[in-house]
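Structural characterization, general
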Amino acid sequence: MKIVMVADQYPPVVGGAERQAQKLSRALAARGNEVVVLTGRWERSMRPVDHEGGVTVERLSTLCSMGGIRGLRKYGRDWFGASL
């Protein structure tokens, strides 16, 4: 089965919801499913595509820094949603 999970944040950005998404995606992959996680690329240092634990993590565009202009990050989730 092919499964797509959408989470605006995913490890290495960590919190409770992010850890649960990671555990669930890995468990689904361990059962033989093809799992792709669509998440935001909140830092430029993050790679656009990662493969970890049988899961493909695709990091989509966000307003991560916008040239150092303060206050634009709050629009990052809107940009992430539009990139889906």
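Described in the following lines is the structure provided in the data block. Here the structure is a predicted model, which is why all the values come from computation and not from measurement.

Scoring rules and cut-offs
Residues numbered from 1 in each chain as written. Predicted model: local features only at pLDDT ≥ 70, side-chain atom pairs only at ≥ 80, totals over all residues. Heavy atoms only, no water. Helix = DSSP H or I, 4+ residues; strand = E, 2+ residues; numbered from the N terminus. Pairing = 2+ DSSP bridges. Buried < 20%, exposed > 50% of the residue type's maximum accessible area, 1.4 Å probe, protein only. Salt bridge = Lys/Arg side-chain N within 4 Å of Asp/Glu carboxyl O. Axes fitted to C-alpha atoms, helices over the stretch in contact; angles between N-to-C directions.

1. Considerations on unusual backbone geometry
Geometrically, the link from Pro-11 to Pro-12 is a cis peptide bond, its omega value of 25° lying close to zero. Note on placement: Pro-12 falls in the loop between strand S1 (2-6) and helix H1 (16-30).

2. Regarding the pairing of strand S3 (residues 49-52)
Summarising the sheet, S3 and strand S4 (residues 55-60) pair through four bridges and their orientation is antiparallel. Opposite Asp-50, over in S4, you have Val-57 as the bridge partner. Connecting S3 to the antiparallel partner S4 that follows it, the hairpin turn spans two residues, and Gly-53 within it adopts a positive phi of roughly 55°.

3. Examining the environment of Ala-17
Residue position: Ala-17 is located in helix H1. For Ala-17, a relative accessible area of 60% corresponds to the exposed category. Put simply, Ala-17 and Ala-7 are 10 residues apart on the chain and 8.9 Å apart in space, counted from C-alpha to C-alpha.

4. What about the pattern of salt bridges?
If you walk through the whole model with that rule in mind, you get three salt bridges. Among the ionic pairs, Glu-52 bridges to Arg-26, the shortest N-O distance being 3.7 Å. Within this pair, whereas Glu-52 is found in strand S3, its partner Arg-26 is found in helix H1, the two being separated by 26 residues in sequence. A salt bridge links Arg-47 to Asp-50; the nearest nitrogen and oxygen atoms lie 2.7 Å apart.

5. A short note on the sheet that holds S1
Reading across the sheet, the four strands line up as S1-S2-S4-S3 and stay open at both edges, with mixed pairing between neighbours. Only two strands of the sheet have a single partner each, and these edge strands are S1 and S3. The mean inter-strand angle of the sheet, taken between neighbouring strand axes irrespective of direction, is 20°. For S1 and strand S2 (residues 34-40), the ladder comprises five bridges, and the chain directions are parallel. Across the sheet, the residue bridging to Lys-2 is Glu-34, located in S2.

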